[in-house]
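The primary structure of each chain is shown beneath.
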Amino acid sequence: MSVYKRAHCPTCQKYVELRDGDDKLKKITCPSCGSIYNVTVDNAIYYIDYSVNRKRYREKVGPSKSYAESVLAKRQTEIKENKFFDIRRELKINFCSFAEEYIELYAKTNNIRWKVSIVPNMNALKRFFGNKNLSEITPHLIEKFKVERLKEVSPAATNRALTLLKSMFNRAIEWEKFEGVNPVTRIKLFREDNHKLRYLEKEEIRRLIDSCEDSIRPLVIVAVNTGMRRGELFGLKLQDIDFNKGIIHLLRTKNGERRELPMNEAVKRAILESRAHSTSEYVFSTLRGNQFTVIKRPFARALKMAVIENFRFHDLRHTFASQLAMASVDLNTIRELMGHKSLKMTLRYAHLSSNHKNQAVDLLNRCLNGTVDTNLTHGETEANKICNENNISCLMV
């Protein structure tokens, strides 16, 4: 049981819990947005934290620490005398209204592709839950939504809507608009098959590029040679290109981290070609110099002319990674180029690269059957030397 303070950042509205003496701080740095702000009675509230029958309770009290301590003492007495009753205040927060607030305060700030990735799922959630309050949305009701949504879209797309709903409830809890446990945490997501990769062979890549119209050919060449996402390509500006060092600087990416990509000669030529008759700030732009927003039709025409089926623009990114894996580029390098936060996402390409496995077992064979080099000292064997040079530990027998 404890008393603690929550300080809310005036910039991003996210809170920081101040405990064990930290509640005396007058100024703190927000871990979410980095803003430095003063802790005042207007943005800091004391809470009490206690458990009853293994169930945790957090109760908002007010700006006074002494009052919070007295309330906690009262709860302790109620629990000891078996007089504690879980009486929760009913927060009547309309789902549709909160959905708009979520988009304005969170989605637009944290997701550069919010119009594409969030709005369609949000519309589906609003159609189903309508004018219900957040407190009325139960796990049972969410299971009904899950069944109905599956009739319209794939299991993976249904999971995306459930993930969005879970994020909304997390924000509602943070913003103190919902009390209790996130109801989506009890919902089991559909199992997704993420191992089916669609990528192009080298001959197909050439056919596709040759079939592209002049307006999108440089874009496709850069996509297949860098693995950049469509949004990253569309938003790429001339100031992001360093031709002297041969580097593309991606300042805003899907995972929020900056990324640097090396340019090969094909990429350099494609960018120069796209800039030949353009004065736009964007590397790839329409004839009027505006940023690309969609290239679905010209890309579909190119696929049809190249006789390539069941292929999306995003699969050019898979093509980039798959070709690197088949060229025996190590998976961690592929991970860095793709901008994956963890190696788990990159492992989907591991089955395409058997060469590194062959090298490993060949090295083990050399270690196990190595002969002693008389030029080595202190009992070091040739096999040891091979292992050290390749930074692989071997069992000597």
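Residues numbered from 1 in each chain as written. Predicted model: local features only at pLDDT ≥ 70, side-chain atom pairs only at ≥ 80, totals over all residues. Heavy atoms only, no water.

Before going further, it helps to examine the overall build of the protein chain. Across its full length, the protein chain holds 16 helices and nine strands. Expressed as a percentage of its 397 residues, the buried residues of the protein chain come to 41%. Restricting the contact set of the protein chain to residue pairs at least 6 apart, pairs at least 24 apart contribute 56%. When the accessible surface of the protein chain is totalled, it reaches about 24,200 Å², and 50% of it is carbon and sulfur. (Helix = DSSP H or I, 4+ residues; strand = E, 2+ residues; numbered from the N terminus. Buried < 20%, exposed > 50% of the residue type's maximum accessible area, 1.4 Å probe, protein only. Contact = heavy atoms within 4.5 Å. Areas by Shrake-Rupley, 256 points an atom, 1.4 Å probe, with all protein chains shown as cover.)

In this section: the packing of aromatic side chains. This model, assessed by the stated rule, comprises eleven aromatic pairs. When the centroid spacing of 5.3 Å and the interplanar angle of 40° are considered together, the rings of Tyr102 and Tyr106 count as tilted. Taken together, the residues Tyr102 and Tyr106, both in helix 2 (residues 95-110) and four residues apart, mark about one turn of the helix. You'll find Tyr102 and Tyr106 in the same group, each marked buried. An aromatic cluster is built from Phe95, Phe128, Phe129 and Phe145, whose rings are joined through pairwise contacts. We note Arg6 situated over the ring of Tyr15; from NZ or CZ to the ring centre the distance is 4.1 Å. One cation-aromatic arrangement involves Arg19 over Tyr4; the distance from NZ or CZ to the ring centre is 3.9 Å. (Phe/Tyr/Trp six-rings, centres within 6.5 Å; stacked < 30°, edge-to-face > 60°. Lys NZ or Arg CZ within 6 Å of the ring centre and 35° of its normal.)

Moving on, we get to the pairing of strand 9 (residues 259-262). Residue alternation in strand 9 divides its side chains into a buried set, Arg259 and Leu261, and an unburied set, Glu260 and Pro262. The pairing of strand 8 (residues 247-250) with strand 9 spans four bridges and is classified as antiparallel. Bridging across to strand 9, His249 finds its partner in Glu260. (Pairing = 2+ DSSP bridges.)

The next point concerns the packing of helix 2 against helix 6 (residues 155-174). When two helices pack together, their arrangement is captured by the angle between the axes and the distance separating the axes. Orientation of helix 2 relative to helix 6, taken along the N-to-C sense of each, is 85°, at an axis distance of 11 Å. Classified by the angle their axes make, helix 2 and helix 6 are roughly perpendicular. Of helix 6, the residues touching helix 2 (which contributes Phe95, Phe98, Ala99, Tyr102 and Tyr106) are Leu164, Leu165, Ser167, Met168, Arg171 and Ala172. For the contact of helix 2 with helix 6, the class distribution of residues is nine nonpolar, one polar and one charged. (Axes fitted to C-alpha atoms, helices over the stretch in contact; angles between N-to-C directions. Parallel < 35°, antiparallel > 145°, perpendicular 65-115°, else oblique. Nonpolar A, V, L, I, M, F, W, Y, C, P; charged D, E, K, R; others polar.)

A word on unusual backbone geometry. For Glu176, which is not glycine, the phi torsion reads 60° and is therefore positive. Among the structural elements, Glu176 can be located in the loop between helix 6 and helix 7 (202-211). Overall, the relative accessible area of 21% leaves Glu176 in the partly exposed class.

Our next topic: helix 2. Ile103 marks the point of greatest bend in helix 2, at about 40°. Of the residues making up helix 2, those classed as buried are Phe95, Cys96, Phe98, Ala99, Tyr102, Ile103, Tyr106 and Ala107. At the N-terminal boundary of helix 2, the capping side chain belongs to Asn94, with an oxygen 3.0 Å from the backbone nitrogen of Cys96. (Bend = angle between axes of the 7 residues up to and from the residue. Polar contact = N/O pair within 3.5 Å; in protein donor to acceptor, adjacent residues only side chain to side chain.)

All right, on to the pairing of strand 8 then. When strand 7 (residues 241-242) meets strand 8, the two strands line up antiparallel, connected through two bridges. Bridge assignment links Ile241 to a residue of strand 8, and that residue is Ile248.

Where nonpolar side chains cluster on the molecular surface, the patch consists of Leu238, Phe243 and Leu272 and spans about 260 Å² of accessible area. Tracing the backbone through its elements, the reader meets Leu238 in the loop between helix 9 (230-234) and strand 7. Using a relative accessible area of 37% as the deciding quantity, one classes Leu238 as partly exposed. (Patch = residues over 30% accessible without salt bridge, like charges linked within 9 Å, V, L, I, M, F, W, Y side chains within 5 Å. Salt bridge = Lys/Arg side-chain N within 4 Å of Asp/Glu carboxyl O.)

With 88% of its residues at a pLDDT of 70 or more, the protein chain has an overall mean of 84. Here residues 371-397 is a poorly scored stretch, pLDDT under 50, and it has 25 contacts once near neighbours within four places are set aside; other chains count. (pLDDT = per-residue confidence, 0-100.)

Here we come to the nonpolar core. Membership of the largest hydrophobic core comes to 49 residues, with the highest contact counts inside it found for Leu208, Ile248, Phe299, Phe313 and Leu316. Of all the elements in the fold, those that place two or more residues in this core are helix 7, helix 8 (217-226), helix 9, strand 8, helix 10 (265-275), helix 11 (296-305), helix 12 (315-326) and helix 13 (331-338). Beyond its immediate sequence surroundings of up to four residues, Phe299 is in contact with Leu208, Ile216, Val220, Phe311, Arg312, Phe313 and Leu316. In this structure, Ala99, Leu125, Leu165 and Trp175 belong to the second largest nonpolar core, which totals 28 residues. (Core = buried A, V, L, I, M, F, W, Y, C linked by side-chain atoms within 4.5 Å.)

Moving on: the sheet that holds strand 9. The sheet built from three strands is open, its strands ordered 7-8-9 with antiparallel pairing. Every other strand in the sheet has two partners, leaving strand 7 and strand 9 as the edge strands with one partner each.

The tally for this structure, following the rule as stated, stands at zero disulfides. Looking at the unpaired Cys12, the closest cysteine sulfur is the one in Cys30, lying at 3.6 Å. Cys12 gets classed as partly exposed once you look at its relative accessible area, which sits at 21%. (Disulfide = S-S within 2.5 Å.)

Turning next to the pattern of salt bridges. In total, this model carries 27 salt bridges according to the counting rule given. A salt bridge links Arg58 to Asp49; the shortest N-O distance between them is 4.0 Å. Accessibility expressed as a relative area gives 38% for Arg58, which makes it partly exposed.

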